[in-house]
Amino acid sequence: MEVSLMGNSQANVVKTGLPYRDSRVCCSYKNKIDDKVLFVNRVSFLGQNRSANLRKAQLRFCTKASVQSQPLPSDRDSGPLSSARPKSLDAVRLFVGLPLDTVSDANTVNHAKAIAAGLKALKLLGVEGVELPVWWGVAEKEAMGKYNWSGYLAVAEMVEKIGLKLHVSLCFHALKQPKIPLPDWVSQIGESQSSIFYTDQSGQQFKGCLSLAVDDLPVLHGKTPIQVYQEFCESFKSSFKPFMGTTITGISMGLGPDGELRYPSHHRLAKSSKIPGVGEFQCCDRNMLNLLQQHAEANGNPLWGLRGPHDAPSYDESPNSNSFFKDNGGSWESPYGDFFLSWYSSQLISHGNCLLSLASSTFGETGVSIYGKIPLIHSWYKTRSHPSELTAGFYNTAKRDGYAAVAEMFAKNSCKMILPGMDLSDEHQPRESFSSPESLLAQIRTACNKHGVEVSGQNSSVTGAPGGFEQMKKNLFGENVVDLFTYQRMGAYFFSPEHFPSFTKFVRNLNQLELHGDDLPVEEEVTESVHTNANMNIQVQAA
Amino acid sequence: MSTVTIRPLLPSYRRANLNFRDRTNILLKPNYINYSIKSAPNARRFCSFKKLQKITVSSSTSTSTSPATSTDTTPVRPGDVFFKETFPLKRTHAVEGKMFVRLQKGKDEKNWQLSVGCNIPGKWILHWGVSFVGDNGSEWDQPPKKMRPPGSVSIKDYAIETPLKKLAEGDVFDQVNIDFDTRSDIAAINFVLKDEETGAWYQHRGRDFKVPLVDYLQHDGNVIGTKSTFGLWPGALGQLSKMILKADTSQSGIQDSSSESCELKQENKHLEGFYEELPIVKEIIIENTVSVSVRKCPETAKTLLNLETDLTGDVVVHWGVCRDDSKNWEIPAEPYPPETIVFKNKALRTLLQPKEGGKGCSRLFTVDEEFAGFLFVLKLNENTWLKCMENDFYIPLTSSSCLPAESVQEMLIPGKAEEATQEVSQTAYTAGIIKEIRNLVSDFSSDISRKTKSKEAQKSILLEIEKLAAEAYSIFRTTAPTFFEEAAVELEESKPPAKISPGTGTGFEILCQGFNWESHKSGRWYMELKEKATELSSLGFSVIWLPPPTESVSPEGYMPRDLYNLSSRYGNIDELKDVVNKFHDVGMKILGDVVLNHRCAHYQNQNGVWNIFGGRLNWDDRAVVADDPHFQGRGNKSSGDNFHAAPNIDHSQDFVRKDIKEWLCWLRNEIGYDGWRLDFVRGFWGGYVKDYLEATEPYFAVGEYWDSLSYTYGEMDHNQDAHRQRIIDWINAASGTAGAFDVTTKGILHSALDRCEYWRLSDEKGKPPGVVGWWPSRAVTFIENHDTGSTQGHWRFPGGREMQGYAYILTHPGTPSVFYDHIFSHYRQEIEALLSVRKRNKIHCRSRVEIVKAERDVYAAIIDEKVAMKLGPGHYEPPSGSQNWSFVTEGRDYKSNLANTRRG
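Since we're looking at a predicted model, the values are computed, not measured.

Novice: Could you clarify how one ought to interpret the packing of aromatic side chains in this entry?
Specialist: To describe a pair of aromatic rings, one takes the distance between the centres and the angle between the planes. Per the counting criterion, the structure on display carries 64 aromatic pairs over all chains. Residues Phe172(A) and Tyr229(A) carry aromatic rings whose centres are separated by 4.4 Å and whose planes lie at 45 degrees to one another, so their mutual orientation is tilted. Of this pair, Phe172(A) sits in the loop between β3 (165–171) and α10 (184–192) while Tyr229(A) sits in helix α11 (residues 225–239), and the two are 57 residues apart along the sequence. Accessibility classification places Phe172(A) together with Tyr229(A) in one group, the buried group. Arranged with centres 5.0 Å apart and planes meeting at 75 degrees, the rings of Trp319(B) and Phe365(B) form a pair that is edge-to-face. Taken together, the positions of Trp319(B) in strand β15 (residues 316–322) and Phe365(B) in strand β19 (residues 361–368) put the pair 46 residues apart, joining distant regions of the chain. By the ring-pair criterion, three or more aromatic residues cluster together here, those being Trp136(A), Tyr147(A), Trp149(A), Phe172(A), Trp185(A), Tyr229(A), Phe232(A), Phe236(A), Phe240(A), Phe243(A) and Phe363(A). A cation over a ring is seen here: Lys589(B) above Tyr699(B), with NZ or CZ 4.6 Å from the ring centre.

Below, the structure written as structure tokens:
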């Protein structure tokens, strides 16, 4: 039986007053009733000894609890207790993201000890599993078809040993912070053949992932990117065969920049400005223009295929700084606008379709669920034209639902949808950005519901959005059914005293592990037996 | 105990844990120390090696080792090395010492003081909290603010961490004093001692130390300082905690009392002072390596096995051979290597030969081809054997046995397993908890009255979670660099920083090192330099660094004797004042090169050891640190590394610091120095530097903290974070009052430029990889100085690449320092051009650098969005977008451009 300690079973323990067999040692603790009751502790022997050898650790428990080791009667678990669980307990499976650079480009595990300790903490906390980003630029770094999974296998093994589940994110993009580039050989191809990258109106390239326009072009040493992705997935599948369906329960297919299904329309935003601009259309690389040209000719408007919109603002600018996105009478509402936006967004959807069907067919029989991630582009949502979503490739405006087609595409491939931004609330967005993460989230979730696509959540802000935990709770309870929630992300901040207690509280709340009044600790008289044998001198901290 | 299958992590993971300590000599050519002072002017550099800690070797040493590197499995040609492996050798040594706990009256009856000290060197932290009167539980609380000594840090809401420090009184103990008011309602002070270096905790009887401040506090065994004798229990701490309580003395102090502490009246308090000393043992891991390479000798049909180690002393290889995988020891037929004896007809013992130069030893073994393996263990002395994971080292001798890599793999596994052991044991530990909890759950009973017990179990889990989180946090936090985040400051300070601080000057300083290793030869350097003052100023330098001015045993000035005698080989005091005035006239500031770490003595003590000083500062041997036996100092142990060629000054002595401050102030006032270049600051704690700088208020100060970068097999590691962290740590210790030479950047430039590995110039976060990437305003960048270059050439910049080096440091943030030899060479015009780029574009020590390219053959960066520069043969053009760039200067393999217009 798998017991998640702070989760289900433990909750039951408390509620039903399961005892454990006491021997001589017990604790007394302060009668603090606030939520921190369990975290007002101190340094005690228990902790100092944590790195001590096993034998002692064992002994400690023996001393303490006269441990019973007969197997758990199975009916105990599935009996009436289970049915008494709050619904959310079973509904929300919580994952925590591992550091982005968990595996270094030399295929070693970074911070292995910290991760090992972290995994144990998460396991004890009742977290279901962890999410591991698997980078194209690490595993297929050297040459096409030359895979090195060793670092990732080591992590999978660690995770399996701890007894956690693993959600793997296949990342076909590059990252700036920490720096994880595309595979070297891809970058080299890009040097000579820059049209494999997205290009904006001013000719600037985005080198963080390949342009969707080359999906089916043999640009990678005679192979198409789709073929290369496919072989990557195949190699992953065979290398991780022992983990598939057991430890690895889910795989996210990387769909674009940051793994999300979108164009890199916002990659050059100035960090200084608080209000995000509208972004830029990314359709000016040669291959995109070719596609546009063909499409325009097929529609009988060859002149529309020469370039993207000429009156769209640039990255940092507001919708009204040029005429394309103007709320009233902007070109987006013109026949040309509709022509362009339909094409632009349909390209994205067919790109997503291509990759997700690839993933589904590759991993279909392994028993893992396939996921794809959609961005939550919430700025300017309250304008009519939704410019940021348009530049990112979602033809979603006041007049048109752009997410139905996306949800439909997910449904067709039996994929689940990862939605970030579950920690963002409207009230904390700058007014001037006309942003509404909550409404956008609701819109996408409605589309998913309609098409029967399961949603899995993520938070967006790694350093904690204001009111983030509250918002997440809100998004995970009530009518909102979430397949799983992935909390981003393990690292120094995650375990810091500023953050970790609130995370713990969040987890406990998530599992509704509220203490009943009569479960609160009572002051107890302390008795202690002192062992003179050194090895026996190991006890839970006694008063 | 649950059985744990030890499955190895992967080899590549394993490799990350190599220890390279002993490879530092790749970098520096050591000068061997000659303890006759006069003949060893350069020997100071010897200390650049990272020293192993001095320790007393305890009689029993546990050993373990594991193979480290992957095996070369390329097809074997005759004579080729087909097996090459380096095994780390790990030994644990115990350092014995003691700690004390003292409770004593303070300035009056109401103010008392608790002191805790420890005399083992290390970074000790007192982790402590208090219990209040009326608290029955064992919880700690944070002490009131006024109780916290300076430097204390809050840990969550229940504890305080205060570092132990050497106090000025000249104690050998690091200690911390906690003052408290007896009228407060604090019932007890609880603490544990923590060694930051090893992460070990030191407790008392397996529990926290507890000093009761009310005399009827419930005793529960860990009380210290009661009238009863003081007792300790051994073994309460895990062996992995590296800390062993040494003595097991009486336990009569235990008074298991369950008396309730009820309403307490303050007048009941009655304190009694005490002083207790406890022996403690700190275990230090010493790491060495042994490398084995095997090749066939086709002519003789023998296998040649070369065994090398960096262990010193008499290392005996206890060895044999085997015919198959069963690893049964056999003695091969003669001949044996020289200095071999047959041991009980079972094995051979061969003494390794010291390597030339004295670092480590080696021996070549010749074995007949018929044998499949070579087995050995290393013996240091009767009690110390070094093995491979409790097993014999096994080296396959047939190329076939390692070709498929299987046998090698097999051999590697124990090593990996060892590495994984801790991981696994922790896993198993957690698994143990999980299992126990499961059992608790299964121990189903309807006995509701026991409800609280499950509560308690839950609590212990949460405690465990918290511990694990704290552990993870501490690792994540330390692997991420700890440095002042300047980003926020940078934004504000992109305009000239108004405030002048000694660490940075104005922020726009450009240093000129105004001498080289030969400058003393003419005897009139001050006068020669004076002639160049106007010229140096017009080139754009704002600060000149003059050579050490004091009388010195060595002509270059780095072996000072009488600090107040300013007659040196560079000129006399009047000439010095003259040159200082001249530089002031041309608007430059002057740095004095002050040697504070060591000082040569005037007289011998009764044992004939030179440690008595004369002149105005006629210190005796109390001013000399105690831990260099050659100088028989009576001061405290050194607060830093020792420089072995002269007596190291004990800065922990009040009179020494007072005299040094006076001397520095005298130099400021009498000579007119504006600031300091501090020699060999590795030798003493940075906090003293802060003290000196605060007393002398220099305009600019820079310390020389020079140690080796990290290398793997002769190749410099990409990541030099540990190296720059050590420099940052020193700057931090000096509270940022001084900058430090960016040795890291110099080292990385060496590799990047010399080997065409420009990718090295970006760290993992896309920032400059040296100190300048982390704390630019305190980084003094340089490519050469009188030690590294000049006629000494201890660590010379790659020849012909100097201009690339200058193109880097003169366009980048940090405060650049240009070496005299380069200014007055054929590089002069190019340097001048770069200086002018820096000045015109107002690049300063906090300028922002954006690395655009860091690839094999090209590095490019844009500084403050104004200057684009590139190094290397590869191609780079600044972005053409809306910026126009005009070409400024160019040399061999570097180029810099200016932005004409900035994006609007």
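Novice: Could you clarify how one ought to interpret the sheet that holds strand β2 (residues 129–135) of chain A in this entry?
Specialist: In a beta sheet, neighbouring strands are held together by backbone hydrogen bonds and run either parallel or antiparallel to one another. Residue and element names in this part refer to chain A. Pairing within the closed barrel is parallel, and its eight strands lie in the order β1-β2-β3-β6-β7-β8-β9-β10. Pairs of neighbouring strands in the sheet enclose a mean axial angle of 30 degrees, with direction left out of account. One ladder, built from two bridges, connects strand β9 (residues 455–458) with strand β10 (residues 484–487); its direction is parallel. Residue Gly 457 lies in a different strand from β10, and its bridge partner there is Phe 485. Across the sheet, helix α15 (residues 403–412) lies against β7 (369–373) and β8 (416–419), angled at about 135 degrees from β8, the strand it touches most.

Novice: Looking at this model, I keep getting lost on unusual backbone geometry. Mind explaining?
Specialist: Trans is the prevailing form of peptide bonds, just as negative phi is the prevailing case for residues other than glycine. Put simply, Gln488(A) and Arg489(A) share a cis peptide bond, and its omega is 0 degrees. When you line up the elements, Arg489(A) lands in the loop between β10 and α18 (492–495). The backbone of Asp258(A) sits at a positive phi, close to 55 degrees, despite the residue not being glycine. Tracing the backbone through its elements, the reader meets Asp258(A) in the loop between β6 (248–253) and α12 (286–298). Backbone geometry places Ser735(B), a non-glycine residue, at a positive phi of 55 degrees. Note on placement: Ser735(B) falls in the loop between α10 (721–733) and β32 (739–741). On the basis of relative accessible area, Ser735(B) is assigned to the partly exposed category, the value being 41%.

Novice: When you look at the pattern of salt bridges in this model, what are you seeing that I'm missing?
Specialist: Close approach of charged atoms lets side chains of opposite charge pair. Evaluation of the coordinates by the stated rule reveals 46 salt bridges over all chains. Across the pair Glu518(B) and Lys521(B) runs a salt bridge, and its minimum N-O distance is 2.4 Å. When its relative accessible area of 59% is taken as the criterion, Lys521(B) is described as exposed. A salt bridge links Arg828(B) to Glu535(B); the shortest N-O distance between them is 2.1 Å. Of this pair, Arg828(B) sits in helix α15 (residues 828–840) while Glu535(B) is found in helix α6 (residues 525–539), placing the two residues 293 residues apart along the sequence. Its relative accessible area of 26% is what places Glu535(B) among the partly exposed residues. Here the residues in one salt-bridge network are Arg93(A), Glu128(A), Lys416(A), Glu454(A) and Asp483(A), joined through shared partners.

Novice: Explain the environment of Ser184(B) to me, please; I cannot follow it from the model alone.
Specialist: Inspection of the secondary structure assignment puts Ser184(B) in the loop between β8 (174–181) and β9 (186–195). Sequence spacing of Ser184(B) and Pro144(B) is 40 residues, and the spatial spacing of their C-alpha atoms is 9.4 Å.

The rules behind each value
- Residues numbered from 1 in each chain as written.
- Chains lettered and ligands numbered in written order.
- Predicted model: local features only at pLDDT ≥ 70, side-chain atom pairs only at ≥ 80, totals over all residues.
- Heavy atoms only, no water.
- Phe/Tyr/Trp six-rings, centres within 6.5 Å; stacked < 30°, edge-to-face > 60°.
- Helix = DSSP H or I, 4+ residues; strand = E, 2+ residues; numbered from the N terminus.
- Buried < 20%, exposed > 50% of the residue type's maximum accessible area, 1.4 Å probe, protein only.
- Lys NZ or Arg CZ within 6 Å of the ring centre and 35° of its normal.
- Pairing = 2+ DSSP bridges.
- Axes fitted to C-alpha atoms, helices over the stretch in contact; angles between N-to-C directions.
- Contact = heavy atoms within 4.5 Å.
- Salt bridge = Lys/Arg side-chain N within 4 Å of Asp/Glu carboxyl O.

Everything listed is a geometric property; what it means functionally is a separate question.
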